[in-house]
Every structure is written in C-alpha cells, then in structure tokens.
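Understanding the architecture of this molecule
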Amino acid sequence: MNAPASLAQGLAHGHADLAVTHASRVEMTLPTPGELRRRLPVTPLVAERLHGQRRAIQDIVCGHDDRLLVVVGPCSIHDPLAALEYAHRLAELVPKVSDRLLPVMRVYVEKPRTTVGWKGLAYDPDLDGSGDMARGLHVSRHLMNEIAALGLPVATEVLQPMLAAYLDDLLAWVAIGARTTESQLHRELASGLEAAVGFKNATSGEVGVAVDAIRAAAHPHQHFGLDDQGRPALRETSGNRHAHVVLRGGRHGPNYDSDAVGEARRMLERAGLPARLMVDCSHANARKDHRRQAEVLRDVVTQRLGGETALMGLMLESHLEEGRQELTPGALRHGVSVTDPCLGWRETEALLQETADRLR
Ligand SMILES: O=C[C@H](O)[C@H](O)COP(=O)(O)O
Ligand SMILES: C=C(OP(=O)(O)O)C(=O)O
C-alpha cells in the first residue's frame, strides 16, 4: 500500500498511530555520493577545465572580467538526449561569442514546485511517477559529465541539499531558487561550495532575503550533513565569497528595469556588499511568457551599455524548440520543455549573437 493510501485509510478508521507510522517509509536505498562518483568519475581534463571555468565565472562576479555571464538552457531536463543535442549546439556557438559572453548551460535535474508536479530527472527519470531515484541520480550525473566533457560549464539549481554531494564536482555555477533563498540549510550549503552561487529573490519579489542570503553564505558554518559514505557528519564550511543576487521578478511583476536594478544595487551597497547582479529574463520577469525574454534581455543590455556596471549576468530559459508541453508520456514532442516555456534554439542563438555584437 502506498503512503498516502495508508494515511487515508488510517485516518478513516481512526488509527492515527497507523497513519503516522506509514506516512513515510524507506522505499529504496540509494548509492552513497562516493559510490556514484566512483561509478561515474570526472576525468582529470574535465576537473582541470572546471577549475578554470569556476575562476572565470568568479572573475565576472567580482568585476575583474567585464564579460556577461549567461546561464542558458532548458527550464528542466526531461530527455537527456535532447539536452545533449542542445549542449552540442551551445558548444558550437561559444567560440563565436566568448569575447563578450561566458555561456554556462542550465542542466536542471531538480524542480521546485509551487504545489505538486513532476520534480525533475533526479527524482523521476522515467517521467511516470515511478520515482526511480537511483537511476535518476545516475542519469543526472552521467549527463552533466558528458556536457562538461564538451567543454561547457554546467549550472544547476540545488534544491535537495543532499544532492549537492552527488553532483558538485561537476558544477561551475549553482542557483538557489526563489522558494529556498531564505532557507538556512541552503545558505549553509552555498557557504561550502567552490562554485559561485546565485540566490534568487523571493517569489513575493522581495530582494532583501537574497541580500541576507549572500551575507549568510559568505560566512563560515558548521552544519549537519553527510560524508562521502553517506554517514551523518558535521560539516565545516569556509564561506562563499562569490554569492550574488539574481533578480527574477515576483508576484507583483518584473524587477529588471532600471528603477528595480538601481534599488537592488543600493540595497547591496547599504549592506556593504559588492553591487553585482544577474537578471533572470524568464519567470516573473517574463510573466511566464517565453517570448518576453528577448525584451528583458535587450533592456538589460541597454542598461549595461548605459553604464549600469552592477549588471554582470543574465539567465535565459531555452530549449531546442520554443514553448512548453504537458508531460504526457508517449506523446512528447522532441526538445520542448515540460515545465516552464522556453525560447527555441534558433532565437536563442540569434539573441546571444546580437548581445555579443552590442557589447563589442
Ligand atoms: O522554473 C520552474 C518553475 O517556475 C518552478 O519550478 C515552479 O513551477 P510550478 O509553478 O509549475 O510548480
Ligand atoms: C525554478 C527556477 O526559478 P525560480 O526559483 O526563480 O522560480 C528556475 O530557474 O528553474
């Protein structure tokens, strides 16, 4: 009997104890982070390249490199082959824009949901609710490894703090999402990552929580965690100096225009933090309409050309084909997002080339 069914039955019969005992149970054991890393090791070449990619991203975050950091790729990965096809296209574009842009591919294998929905490749790689997380972890790490082997820096959102140990040796940039920026667990996690971390403003639109998150992540922490063998461990972190704010809009509308950017910059300055900002052209900034992402991007580039030096990065949600589709197993269109709507590759490529030209 599955947990929700036993819970309902327990409650119906007044067996509160039974309901509580069965509300959660161990369904399968998972490999430890160490086991998965040994099964799917990072080659010395990828490890060395990743070191350089992290430094390059950090240089942009700190203002030592005036290129624009561009985190671009699918809202979520549901089809690893389509993601790899996307990665090949992006890798071909990189040399044409890398004098002005540093593209990093979104390889998002976990999705935070407003209520319920498919939670991502790591949770349910078969897209059918079977929840084969052991395979999900394997497929996710394997895909990131293949994309990194193409020479592309990999970005992801870390939602479940435990998952970082399975993937973080492949990550060049990490997001903490709008729904978790205020979480102490995620701030502790960020303080121990080598990669730069972007904290989104809250879904309400509040930016202050992301500013607080940067301060918390910059600090050393001691926190509960797991070691490589999956045993409970006290983890000590040294603090992450490359955490920054990502403006993604909020419940009351977008926050990418010059007033909103100026306000966020002043908030950072008042907190004694470097005024460095990334703008997410999607989500509430595009009011969930992928076609608006181009408008947001062009506005941000205009602000930058107009002298707004705080703007150091952009995020775009983009897949092989534009739009989105319902997750209907057996009837999926190739290269179309199953979560938020995305730009198609053709428009993404043209936009990135246009952006690089404008910044030249
Ligand atoms: O980027 C993704 C979504 O905006 C986020 O996961 C929330 O999605 P939902 O509102 O469809 O659950
Ligand atoms: C979930 C995402 O964003 P946000 O946290 O801003 O909603 C995302 O970038 O996929």
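Under an unreviewed UniProt entry, the name given to the protein chain is Phospho-2-dehydro-3-deoxyheptonate aldolase, and the organism recorded is Billgrantia antri. Quoted verbatim from the Sequence similarities (unreviewed entry) field of the UniProt record, the comment on the protein chain reads "Belongs to the class-I DAHP synthase family."

Regarding the overall build of the protein chain
Scanning the protein chain for helices and strands turns up 12 helices and 10 strands. In terms of overall size, the protein chain behaves like a compact globule, its C-alpha atoms giving a radius of gyration of 20 Å where 360 residues would be expected to give roughly 21 Å. Judged by the C-alpha coordinates and their principal axes, the protein chain covers about 65 × 45 × 45 Å. The buried share among the 360 residues of the protein chain stands at 44%. Put simply, 66% of the contacts in the protein chain that link residues at least 6 apart link residues at least 24 apart.

Regarding the environment of Asn 255
Relative to the assigned elements, Asn 255 resides in the loop between strand 8 (243–247) and helix 10 (258–270). Exposure remark for Asn 255: the 22 C-beta atoms within 10 Å place this residue in the buried category. Sequence separation of Asn 255 and Ala 286 is 31 residues, and the distance between their C-alpha atoms is 10.0 Å. Setting aside its immediate chain neighbours within four residues, Asn 255 contacts Asn 201, Gly 205, Leu 247, Gly 249, Gly 250, Ala 260 and Asn 285.

Structural notes on the site of ligand 2
Neighbouring residues of ligand 2: Cys 75, Tyr 108, Pro 112, Glu 157, Gly 177, Ala 178, Arg 179, Lys 200, Arg 248, Asp 280 and His 283. Broken down by class, the residue content of the shell around ligand 2 amounts to 4 nonpolar, 2 polar and 5 charged.

Some words on the site of ligand 1
In the vicinity of ligand 1, the contacting residues are Cys 75, Lys 111, Pro 112, Arg 113, Thr 114, Gly 117, His 283, Thr 339 and Asp 340. Class assignment for the residues of the shell around ligand 1 results in 2 nonpolar, 4 polar and 3 charged.

Some points on the UniProt feature "domain: DAHP synthetase I/KDSA" (unreviewed entry) in the protein chain
Here, the residues flagged by UniProt with the feature "domain: DAHP synthetase I/KDSA" (unreviewed entry) are residues 58–352. For residues 58–352, the helix share is 33%, the strand share is 17%, and the end-to-end C-alpha distance is 21 Å.

Notes on the nonpolar core
The biggest cluster of nonpolar side chains holds 96 residues, and the ones touching the most others in it are Val 70, Val 107, Val 154, Ala 155 and Val 245. Once residues lying within four places of it in the same chain are set aside, the contact partners of Val 154 are Met 105, Val 107, Met 144, Ile 147, Ala 148, Leu 170, Leu 171 and Ala 172.

Re the domain arrangement of the protein chain
Here the protein chain is described as being made up of domain 1 (1–30) and domain 2 (35–359). Placing the centre of domain 1 and that of domain 2 at their C-alpha centroids yields a distance of 36 Å.

Some details on helix 6 (residues 133–149)
With 17 residues, helix 6 extends 24 Å between its outermost C-alpha atoms, agreeing within 8% with the 24 Å of an ideal straight helix rising 1.5 Å per residue. Those residues of helix 6 that sit buried are Gly 136, Leu 137, Ser 140, Arg 141, Leu 143, Met 144, Ile 147 and Ala 148. Along helix 6, the residues classed as buried sweep out an arc of 160° about the axis, all on the same side. On its buried side, helix 6 packs onto helix 3 (33–39), helix 4 (44–62), helix 5 (80–97), strand 2 (101–106), strand 3 (154–157) and helix 7 (164–167). Remark: Gly 151 follows helix 6 within two positions and exhibits a positive phi of approximately 95°.

Considering the pairing of strand 7 (residues 232–236)
Where burial is concerned, little of strand 7 is hidden: 0 out of the 5 residues are buried. In textbook terms, the turn of a hairpin is the stretch between consecutive antiparallel strands, and for strand 6 (residues 222–226) and strand 7 this stretch comprises 5 residues, one of which, Gly 230, has a positive phi near 80°.

Notes on helix 8 (residues 184–191)
Along helix 8, 6 of the 8 residues are buried, which leaves the element largely enclosed by surrounding structure. Those residues of helix 8 not exposed but buried are His 186, Arg 187, Glu 188, Leu 189, Ala 190 and Ser 191.

Things to note about the packing of helix 5 against helix 12 (residues 345–359)
The angle between the axes and the distance between the axes are what describe a pair of packed helices. Put simply, helix 5 and helix 12 touch, their axes get as near as 11 Å, and they point 15° apart. With respect to helix 12, the element helix 5 is oriented roughly parallel. Our pair here, helix 5 against helix 12, has a crossing hand that is right-handed. On helix 12, the residues that touch Tyr 86, Arg 89, Leu 93, Lys 96 and Val 97 of helix 5 are Trp 345, Glu 349, Leu 352, Gln 353 and Ala 356. Classifying every residue of the contact of helix 5 with helix 12 by side-chain character gives 6 nonpolar, 1 polar and 3 charged.

Quick notes on the rules
- Residues numbered from 1 in each chain as written.
- Chains lettered and ligands numbered in written order.
- Predicted model: local features only at pLDDT ≥ 70, side-chain atom pairs only at ≥ 80, totals over all residues.
- UniProt positions renumbered as here; feature names shortened; annotations may be inferred.
- Helix = DSSP H or I, 4+ residues; strand = E, 2+ residues; numbered from the N terminus.
- Rg over C-alpha atoms; globule rule 2.2 N^0.38 Å.
- Buried ≥ 20, exposed ≤ 12 C-beta atoms within 10 Å, placed from the backbone.
- Contact = placed C-beta atoms within 7 Å.
- Near = placed C-beta within 6 Å.
- Nonpolar A, V, L, I, M, F, W, Y, C, P; charged D, E, K, R; others polar.
- Core = buried A, V, L, I, M, F, W, Y, C linked by C-beta atoms within 7 Å.
- Domains from an automatic or database assignment.
- Expected span 1.5 Å × (residues − 1).
- Arc of directions from axis to C-beta.
- Pairing = 2+ DSSP bridges.
- Axes fitted to C-alpha atoms, helices over the stretch in contact; angles between N-to-C directions.
- Parallel < 35°, antiparallel > 145°, perpendicular 65-115°, else oblique.
- Left-handed = near helix turned anticlockwise from the far one by under 90°.

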